[in-house]
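Overview (structure and organization)
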Amino acid sequence: MISILGKWHQDDRKSYRKGCPQFFIQDDRLFEKWDDRHVAFLKHEFLRLKNAVVLWTMHPWERDARLMKEALVKGPQAYGVIIEVASTRSSEQLLGARRAYHSLFDHSIEEDVAYHINDSRRKLLVGLVSSYRYEGPKVNEEIAKSEAKTLFAAIKNADKKNPIEDEEVVRILTTRSKPHLKVIFKHYKEINGKNIDEDLDDELSLDETMQCLCTPQTYFSKVLGAAFQNGADEHAKEALTRVIVTRADDDMKEIKEEYQKKYGVSLSKKIEDAVNGNYKDFLLTLIARGE
Amino acid sequence: MASLRLPDSIPSPAQDSERLSLALQGRGVDEKVIVWILGHRNAIQRKQIKDTYQQLYKESIIHRLESKLSGVLKTAMILWMNEAPERDAILANKALKKKGKKINQLQVLVEIACASSPDHLMAVKQAYCSLYECSLEEDITSNISTSLQKLLVGLVSSYRHDRELVDFNLAKSEAAKLHEAIEKKQLDHDDVVWILTTRNFFQLRATFVCYKQSYEVAIDQTINSSGNGDLGSILRGVILCIVSPEKHFAEVIKASTVRYWTKDEDSLVRAIVTRAEIDMTKIKGEYFKMNNTSLDDVVTRDTSGVYKSFLMALIGAKI
């Protein structure tokens, strides 16, 4: 595209304008004027591509640090990104992001989260960004069983005390290893008959946290689904770039499988239908890696 | 400044390993040679010896030392031969698993979190996961009473910024938040925990100075007078380790010794072994200011045998 456009003379460009009435409107003062909506649309598409390329070429540590900072600055509706980054990365990946955050922003991520977040999610978020979990397979079944009971009691008590502010709930979610948490959720189902995320329908952040920790592919395919919905807001749409760029080297294969299972259509087909231009090609290239 | 003295010319790691191997052979053990060599090598040199010994004799020198040495010399030497992150992970684990532990035994957690760099704390946590198959935070939860968990888990989870960046307005406002919480006897208030566990050390020192300026009394004295037993004691330890780790360790050493005997060998060993290559010279200065006696004299007086020679080497006795 660049090599073609760059070579056009004035007359070529004039013919282009006259030949594309859907982009250029004949103005009363005798010139072909860009249709404003189309300019905005193109700017938007180039911006999405630019954002995706910049994010893709960044070191993963810087990427995660910037994503978390951006979420902090955007405010409460974006805090889910902090949960996502802190919970889906490995212990070493999160540590790297914390290092990058020091370099980029002259603070630790945990001090910024503790200082700037003022809602009920503060305890949970400080704990999540500070976590350095054991990553081996060893799990203490007795402790997992007892912690399943603790979670169950806290959730049942939700009308008296918000479980997201319960110190025991936060401790379990922010310090236990991921294998340990999976065993807790298994015991939870045995005690309660229901999966823990079904019980947490009202408590979105806790629900997201648990999904991110134990079944990240389910979480990511849901986020992608929301990005394609009619009436999806800017924040939901941005998730498309974020999820694909940040997971392309990790578990994109599993996310694609989960997406197919959940929505009955392949992720590539959905991107083909819903996205345009070079941005679309870029995304499709990323999700096809490793195939 | 480190107190450890190194000889003018150091034998190669292979030569050292050979002499050590001879000292560790046979039925007995030549403790003097072991202390003479290892007590005069820095961390890098000791690692080289460890690696060379392993290559030459297909055995870990630490295992050999464990099987041949005994008593308090063994404890001290094993700690000395482990690299700093593993050493501190071992000390933390020992403190957490001790039955009937007293509050001052938890000091080691405060020391690791507040008297060393953020990178060192991270390395200790990584070593802890490798050694004990769970995270340090999880073991704190399993072994410490609930009232202290929030602060201790917070302290070890943090990865503070390590540059000297201070916001004086923030220091003032956070000094006020701390003051309010302490006055209300809410020592485990979230704000107290977050300020003390997430702010960088330079910022916190500025906060404590602002506190003294605004309220005319030092923050640790306010905590003292608010009572609050164990939690207050830990908080004071946190503040002292941040403001003056050398004062903290001088106090630890003082509390561990009583005229003519050492009542708390573990604390004495810990203080000397962990700080010999960091700030033992400053600690000795503080100790003298506190007690009008030199640490060298006290160690000479209160310990004996080859163990005494080892401690003396670490605190910088002349070669």
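Fair warning: this is a prediction, and the values are worked out from it, not measured in the lab.

**Points about the overall build of chain B**
Within chain B, the secondary structure is distributed over 20 helices and two strands. A compact globule built from 319 residues would reach a C-alpha radius of gyration of about 20 Å, and chain B, at 21 Å, matches this within 12%. Here the C-alpha coordinates of chain B stretch approximately 65 × 45 × 40 Å along the principal axes. When each of the 319 residues of chain B is scored for burial, the buried share is 53%. Partitioning the intrachain contacts of chain B with sequence separation of at least 6 by distance along the chain shows that 72% fall at a separation of at least 24.

**Focus: the packing of aromatic side chains**
Taken as a whole, this structure holds 12 aromatic pairs over all chains when the rule is applied. Between Phe152(A) and Tyr188(A), the aromatic rings sit 5.8 Å apart at their centres with planes inclined by 70°, giving edge-to-face as the arrangement. Pair noted here: Phe152(A) is in helix 9 (residues 141–156) and Tyr188(A) is in helix 11 (residues 178–192), with a separation of 36 residues, a long-range link. Classification of Phe152(A) as partly exposed rests on a relative accessible area of 22%. Here a set of aromatic residues connected by ring pairs shows up, and it is made of Tyr16(A), Phe23(A), Phe24(A) and Trp34(A). A cation sits over an aromatic face here: Lys69(A) above Phe105(A), 5.1 Å from the ring centre. It is Arg205(B) that lies over the ring of Phe202(B); its NZ or CZ is 5.3 Å from the centre.

**Overview of the UniProt feature "binding site: Ca(2+) 3" (unreviewed entry) in chain B**
All names here are of chain B. Under the UniProt annotation, "binding site: Ca(2+) 3" (unreviewed entry) lies at Thr303. Among the structural elements, Thr303 can be located in the loop between helix 19 (295–302) and helix 20 (305–314). A relative accessible area of 7% means that Thr303 is categorised as buried. A polar side-chain atom of Thr303 sits 2.7 Å from the main-chain carbonyl oxygen of Val299.

**A closer look at a nonpolar patch on the surface**
A grouping of Trp34(A), Leu42(A) and Phe46(A) is seen on the molecular surface, where their side chains present a nonpolar patch of about 260 Å² in accessible area. Within the secondary structure, Leu42(A) is located in helix 3 (residues 36–57).

**Points about the UniProt feature "binding site: Ca(2+) 1" (unreviewed entry) in chain B**
Residues and elements named next belong to chain B. Under the present numbering, the feature "binding site: Ca(2+) 1" (unreviewed entry) in UniProt falls on Gly26, Gly28, Arg259 and Asp302. Summarising the element assignment, Gly26 is placed in the loop between helix 1 (13–23) and helix 2 (31–38). By relative accessible area, which is 55% here, Gly26 ends up exposed.

**Things to note about the interface of chain B and chain A**
Interface size, as often reported, equals the accessible area lost upon joining of the parts. Contact residues are listed per partner, giving 30 residues for chain B and 26 residues for chain A. Summing the contributions of chain B and of chain A, the shared interface buries around 2,500 Å²; its carbon and sulfur component is 54%. Here Arg199(B) ties to Glu111(A) by a salt bridge, and the two come within 2.6 Å at their closest N and O atoms. Our enumeration of links across chain B and chain A arrives at 11 residue pairs in polar contact (both at pLDDT 80 or more). For the side of chain B that touches chain A, the secondary-structure elements that each account for two or more residues are helix 8 (118–132), helix 9 (136–143), helix 10 (146–157), helix 11 (168–183) and helix 12 (190–198) of chain B. No other element matches helix 8 of chain B, which puts five residues into the side of chain B that touches chain A. Residue composition of the side of chain B that touches chain A, by class: eight nonpolar, 10 polar and 12 charged.

**Some remarks on the packing of helix 3 of chain A against helix 18 (residues 277–287) of chain A**
Residue and element names in this part refer to chain A. Across the interface, helix 3 lies against helix 18 with an axial gap of 8 Å and an inter-helix angle of 30°. Taken together, the axes of helix 3 and helix 18 are roughly parallel relative to one another. Contacts between helix 3 and helix 18 pair Glu45, Arg48, Leu49, Ala52, Val53 and Trp56 from the former with Asn278, Tyr279, Phe282 and Leu286 from the latter. Split by residue class, the contact of helix 3 with helix 18 holds seven nonpolar, one polar and two charged.

**A few points about the environment of Asp273(A)**
Residues and elements named next belong to chain A. Topologically, Asp273 is positioned in helix 17 (residues 267–274). The sequence separation of Asp273 and Phe228 amounts to 45 residues, and the corresponding C-alpha distance is 10.0 Å. A polar atom in the side chain of Asp273 sits 2.9 Å from the side chain of Lys269.

**Focus on the domain arrangement of chain B**
All names here are of chain B. Segmentation of chain B into domains returns domain 1 (13–69), domain 2 (85–246) and domain 3 (249–314). Measuring from the centre of the C-alpha atoms in domain 1 to the corresponding centre in domain 3 gives 25 Å. Across the contact, eight residues belong to domain 1 and six residues belong to domain 3. Each partner contributes to the roughly 520 Å² buried at the junction of domain 1 and domain 3, and carbon and sulfur atoms together form 69% of this total. Sorting the residues of domain 1 by area buried against domain 3 places Glu31, Val35 and Gly39 first, and these three jointly supply 63% of that buried surface. The interface formed by domain 1 and domain 3 contains one salt bridge.

**A closer look at the environment of Gln93(A)**
All names here are of chain A. Mapping Gln93 onto the fold places it in helix 6 (residues 91–105). For Gln93, a relative accessible area of 27% translates into the label partly exposed. For Gln93 and Trp61, which are 32 residues apart along the polypeptide, the C-alpha to C-alpha distance reads 6.9 Å. Discounting chain neighbours no more than four positions away, the residues touching Gln93 are Trp61 and Asp250.

**A closer look at the state of the cysteines**
In the structure shown here, the tally under the stated rule is zero disulfides over all chains. For the unlinked cysteine Cys212(A), the closest cysteine sulfur is that of Cys214(A), found at 9.9 Å. In this structure Cys241(B) is not part of a disulfide, and its nearest cysteine sulfur, from Cys114(B), lies 6.1 Å away.

**Quick notes on the packing of helix 4 (residues 60–74) of chain A against helix 7 (residues 109–116) of chain A**
Residue and element names in this part refer to chain A. For the pair helix 4 and helix 7, the least separation of the axes is 11 Å and the interaxial angle reads 10°. Considering their axes alone, helix 4 and helix 7 lie roughly parallel with respect to each other. Of helix 7, the residues touching helix 4 (which contributes Met68, Lys69 and Leu72) are Ile109, Asp112, Val113 and His116. The class makeup of the residues in the contact of helix 4 with helix 7 is four nonpolar, one polar and two charged.

**Focus: helix 6 (residues 84–97) of chain B**
When the terminal C-alpha atoms of helix 6 of chain B are compared, their 20 Å separation across 14 residues agrees well with the 20 Å that a helix rising 1.5 Å per residue should span. Lining the buried residues of helix 6 of chain B we find helix 5 (71–81), helix 7 (107–114), helix 8, helix 9 and helix 17 (265–275) of chain B.

**So, the domain arrangement of chain A**
As assigned here, chain A comprises domain 1 (137–214) and domain 2 (217–288). Computed from C-alpha coordinates alone, the two centres of domain 1 of chain A and domain 2 of chain A are separated by 28 Å.

So, how was this worked out
Residues numbered from 1 in each chain as written. Chains lettered and ligands numbered in written order. Predicted model: local features only at pLDDT ≥ 70, side-chain atom pairs only at ≥ 80, totals over all residues. Heavy atoms only, no water. Helix = DSSP H or I, 4+ residues; strand = E, 2+ residues; numbered from the N terminus. Rg over C-alpha atoms; globule rule 2.2 N^0.38 Å. Buried < 20%, exposed > 50% of the residue type's maximum accessible area, 1.4 Å probe, protein only. Contact = heavy atoms within 4.5 Å. Phe/Tyr/Trp six-rings, centres within 6.5 Å; stacked < 30°, edge-to-face > 60°. Lys NZ or Arg CZ within 6 Å of the ring centre and 35° of its normal. UniProt positions renumbered as here; feature names shortened; annotations may be inferred. Polar contact = N/O pair within 3.5 Å; in protein donor to acceptor, adjacent residues only side chain to side chain. Patch = residues over 30% accessible without salt bridge, like charges linked within 9 Å, V, L, I, M, F, W, Y side chains within 5 Å. Areas by Shrake-Rupley, 256 points an atom, 1.4 Å probe, with all protein chains shown as cover. Salt bridge = Lys/Arg side-chain N within 4 Å of Asp/Glu carboxyl O. Buried area = accessible area lost by both parts, 1.4 Å probe. Nonpolar A, V, L, I, M, F, W, Y, C, P; charged D, E, K, R; others polar. Axes fitted to C-alpha atoms, helices over the stretch in contact; angles between N-to-C directions. Parallel < 35°, antiparallel > 145°, perpendicular 65-115°, else oblique. Domains from an automatic or database assignment. Disulfide = S-S within 2.5 Å. Expected span 1.5 Å × (residues − 1).

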